Each structure stands twice: as C-alpha cells, then as structure tokens.
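Take a look at the letters that make up each chain.
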Amino acid sequence: MAEQLVAINPSTQEPIDHVDVTTKEELLGIVQKARNAQRTWEAMGFDGRKPFFDRLSSYLLEHYEEVARFISRENGKPYLEAILAEVYPSIDVVNYYSKRAKKLLADKKIPIRVFKFMGKKSYITFKPVGVLGIISPWNYPFAIPFSEIIMALVAGNTVILKPSELTPLIGKKITELLDTAGFPDGVFSVVYGDGKIGAELVKAQLSKIIFTGSVATGRRIMAAAAENLTPVVLELGGKDPMIVLKDADIDMSARGAVWAGFMNSGQTCASVERVYVDETIKDQFVERVMKYTKEIRQGDMLENESTDMGSMIDPRQLSIVENHVKDAEAKGAKILTGGSRPADLHGFFYKPTVLVNVDHSMQVMTDETFGPVLPIMGFKTEDDAIKLANDSRYALTASVWSRDIKRAESIARKIVAGTVTINDHIMTYGIPETPWGGSKESGFGRTHSDIGLMEFVEPAHIHVDRAWIKKKPWWYPYDKKTLLFLRAMIWLTKRAKFLVG
Ligand code: NAD
C-alpha cells in the first residue's frame, strides 16, 4: 500500500483527508510527461495559451469563497484572510500576466551602436526555460505556488509542484482548478511528500527550481542543484524591521504594526518581526499597539467569520515561538501581553504577544520567529534606526513610517531589503506589478512583476548581418586592412562618443 500523508486541520487538530506519497519511480514518469507536454505547450504560443488563463480567472472569480475555505481548513488562517492574501492576489496575478505577458515576452530589439552601421541588428527572444520544479511552503500554501505556476505556464514552461507536507491537499485543489480550466495533460503535475521527494525533484535534472522556504532547506537545495548545474531561485526567510519615525501617525503605525505582525499568526516571511520606534513617541506607540492587540479576536475561522487570527500550523512552529519568547524573557524582555497558548482553544494557537525591553542579544530580534510576536525597541537617531534595521542576516522587506515621505524615502534607500514600503507593510506581495524577493540569507532571484517574469524565461540573443560583405574586416587574414579598420574604430571611439554610449 502507498505511503500516505494526512492533512490535519490546525485549528481543531482533526484529520481532513490524505494523499498518497509519490514514489521516485512515479516522479520520473511525471518528469517525462512534463517534458513531452512542454514542447506542445510552447508551440501553442502566447495567443494559443491565453484562453486557458482567462477560463481559470473566470472560474476563480466565481468560486473564490470555496477555495478560501479550503485553504483555511488546511492551513488554519481566517477564511477572510485566505481571500485577502491568497485567493484575490492569485486572481490578480492571472489577470495581470494574461494581459501583459504577450508584450513582455515579445522580441526586444537591442539598440546596438557602431555595428549597426555595418548592416547588423540584434534582438532578444524569450524562450521558456523548460520544465520547472516549484517547491513551496505551508504558510501561503495557495498564493505562493499559484503565482509562480502562472508565471511559468504563461511563458510556455510546464510545471511540477511539490507542496509542503503540512498542506498537501492544496496540490489537489490547484490540479482541480487547472483541470477545470482545461489545461492540457502534463502541463501541470504535483508530487506529494516531505523533503525526501523534494530532494528527488531537485535531482531530476529539471530546467530550474523555484524554491520558497527556510534558509536551511534553501542551502540544501542549492548544494544539490549544483550537481547538475540546475539554476535555482531561492525565496527564503525574513526578519523584517519596521521603523517608526518621530513624526509618524502613531495610531496608524500601531494599527499597521499589529496587522503586519500578527496576520497569518505572524507566519509570513515578510511579517513585521521587529519594531524600532523613536524613543520620544515609544510609550504612546506601545499604548496604541496594546489597545489594538487586545482587540484581536482569535479562534477557529470556519466557526466564526469575524475571526482576526487563526491558529499556527503545527506544534513544531509553536515551540520555536515559545523558545524565542522564553529566551527574550530570560535576557530581560518584558511581556506586555500574550506569551502563552490560549487555554480555551484546542488547535495550535498562540496568543498575540507584545514584548518590550528587547535588544539584539535576543533570538526574537535576530532569528526568524515566524509567529505572533511583536518585539518593540526604541532608537535615538535615524542613523541608529538604519543600523539596527540592517543588523540582520536577512534582507527581505522592511518598512518606514513617517508623515514626511521624502525623509522616509531617503531612509528606505539606506535599508538593505528587496522591498521597503512606506506607511504600510507586507501587502506589496498582492501587487503583481511589483517585484518580490530578497538578498543576504533571504535568498536571491525575483518573482512577480516584469522583472520576476524573466526568471521564467531564457533570453536568447539573435544577431543578424544583412550587409552581405564577403569578408568582414575582423576575419582572417589579419593584415594592414585589419589594422586600418581597428584604427578607425579607436578613432571613432575617441571622437564620436555618441556612437559608443
Ligand atoms: P521548509 O524549508 O521546511 O520547507 C519548504 C519546502 O521544502 C517544503 O515543501 C518541504 O517539503 C521542502 N523540502 C524540505 N527539505 C527539502 C530538500 N532537502 N529538498 C527539496 N525540498 C525540500 O520551509 P517551511 O517551514 O515550509 O516554510 C517556512 C519558511 O519559508 C520560512 O522561513 C519563511 O520565511 C519562508 N518563506 C519565504 C517566503 C519568501 O517569499 N521569501 C515566502 C513564504 C515563506
């Protein structure tokens, strides 16, 4: 009998359903099928592929609530948050690329300079990369792989998805959605299992691996991918800072911190994980944060639609959070609220927690907590705030809060992060026009946006010579004419800079 993965509802700890774990032999068959399907899918061209995305979008627009409930049950997030942060942004991604990709993937002329006067022209054509492996986490089990699948498919690739073992059912749901939209057989497949089948996928000589997950797994994947020189995109963890300047709207910043620190129970790569607030407004800010934190309604999102915060994913993630809070407390941090599991809830819940008296000797300020914990620290000068924000192994996103947009923008430029938002946090993941990704241990490569689409194509340069010159001046034999030609080029470079740049 096949090995099985059982999906558990984290809010109730009850099993929902199961999937069969994919064997290595099955995986090899799936890879072959994806390779065969890729050629036909590519040959259809963008116009041939577009109707599939239009049908998918229409279906999702009709069935978004059902998909959101499905996500909620498997992941533990509130159902409204599943619409907000999973389903709506995914529909937007489909619509964005199905409209824009034709233009983005059209041949691009390269304005070559001197050589164009010799009858030459160059352009870039964007080919699909081939068969892509997408390995995804459990925290946004739908939105993350779905947007990457869309970018991959729109560009003519085929995809094999490996969803997290904690949220495997989403693989079935995405398959059902693409089947309903009529996507051809083999264009999209799923392999199920834990890291072992993920590792097999990385070894399977695919054209590229798009990985989202922890730094530790990212390292393993990159090392394994190096064996076959398989390119990788790594979207890894974060420890995102939020800087609140003296002139910030305190009430708005506090509401922002509470939402961006606690949404998805703090299990967002781009959650606010540490807050730096100007000393002069710190007390007022903390008082507002406490007010909004205490108003959070926690519970089973399917029972009650006005739940703000659901459960965490599993006991392992819960214990990481508990250890961070314990470590901070032992080193002198003060827990203003939270700091424990709610006694009246049965799932993997942790109370929204606010900490003060924190510093960078504590794990909660340096390591990814990935839970509903908001540590708040004061700063004296803007330079101190920038130093504190940049004092991290991570560089995914950050935010600056101020009424003076110019000043906030100047600070934003000094922060090392893939995205810095001013007066908001996290939400740019939901704007498909904007790029997503980080640097340092947050990984490399980008998804989303026009730049992100480039990860899903192979730019091929085509160069044409229409001059019909029998012997180009740089061909053999090298002689006086070659020297004359080179001197002319040097002369031009010296005098006619407009020709060279
Ligand atoms: P994880 O690294 O434990 O697992 C991610 C995926 O990798 C899972 O599907 C897992 O089965 C698979 N995997 C594990 N070992 C593997 C191996 N050796 N080879 C191939 N695949 C393997 O991460 P997680 O706990 O699922 O996700 C949480 C992490 O993801 C956090 O660090 C979070 O910050 C990060 N994340 C980053 C982004 C981003 O956009 N940068 C977005 C969401 C989550």
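A brief report on the enclosed structure follows. Quantities reported herein were computed from a predicted structural model and do not represent experimental measurements. (Residues numbered from 1 in each chain as written. Predicted model: local features only at pLDDT ≥ 70, side-chain atom pairs only at ≥ 80, totals over all residues. Heavy atoms only, no water.)

Here the focus is the packing of aromatic side chains. Tallied over the full model, the rule gives 12 aromatic pairs. Where W41 meets F183, the ring centres are 5.7 Å apart and the plane angle is 50°; that geometry is what we call tilted. Note that W41 is positioned in helix 1 (residues 24-43) and F183 in the loop between helix 5 (169-180) and strand 7 (188-190), a separation of 142 residues in sequence. Across the pair, exposure class does not vary: W41 and F183 are buried alike. Put simply, the rings of W41, F52, F53 and F183 pair up and form one aromatic cluster. Here the guanidinium or amino end of R49 rests over the ring plane of W41, the centre of that ring lying 5.9 Å away. (Phe/Tyr/Trp six-rings, centres within 6.5 Å; stacked < 30°, edge-to-face > 60°. Helix = DSSP H or I, 4+ residues; strand = E, 2+ residues; numbered from the N terminus. Buried < 20%, exposed > 50% of the residue type's maximum accessible area, 1.4 Å probe, protein only. Lys NZ or Arg CZ within 6 Å of the ring centre and 35° of its normal.)

With that settled, consider the sheet that holds strand 5 (residues 131-135). One open sheet accounts for 6 strands, arranged 7-6-5-8-9-19; its pairing is mixed. Of all strands in the sheet, those bounded by a partner on one side alone are strand 7 and strand 19 (443-444). As judged from the 5 bridges shared by strand 5 and strand 6 (residues 158-162), these two strands associate in the parallel manner. Counted as the bridge partner of I134 is L161 from strand 6. The strands that helix 4 (residues 143-154) touches are strand 5, strand 6, strand 7 and strand 8 (208-212); relative to strand 6, the one it contacts most, it runs at about 165°. (Pairing = 2+ DSSP bridges. Contact = heavy atoms within 4.5 Å. Axes fitted to C-alpha atoms, helices over the stretch in contact; angles between N-to-C directions.)

On to the sheet that holds strand 12 (residues 334-337), then. The sheet built from 7 strands is open, its strands ordered 12-13-14-11-10-16-17 with mixed pairing. Among the strands making up the open sheet, the edge pair consists of strand 12 and strand 17 (419-422). Sheet twist, expressed as the average angle between the axes of neighbouring strands with direction ignored, equals 25°. The pairing of strand 10 (residues 240-244) with strand 16 (residues 397-401) spans 3 bridges and is classified as parallel.

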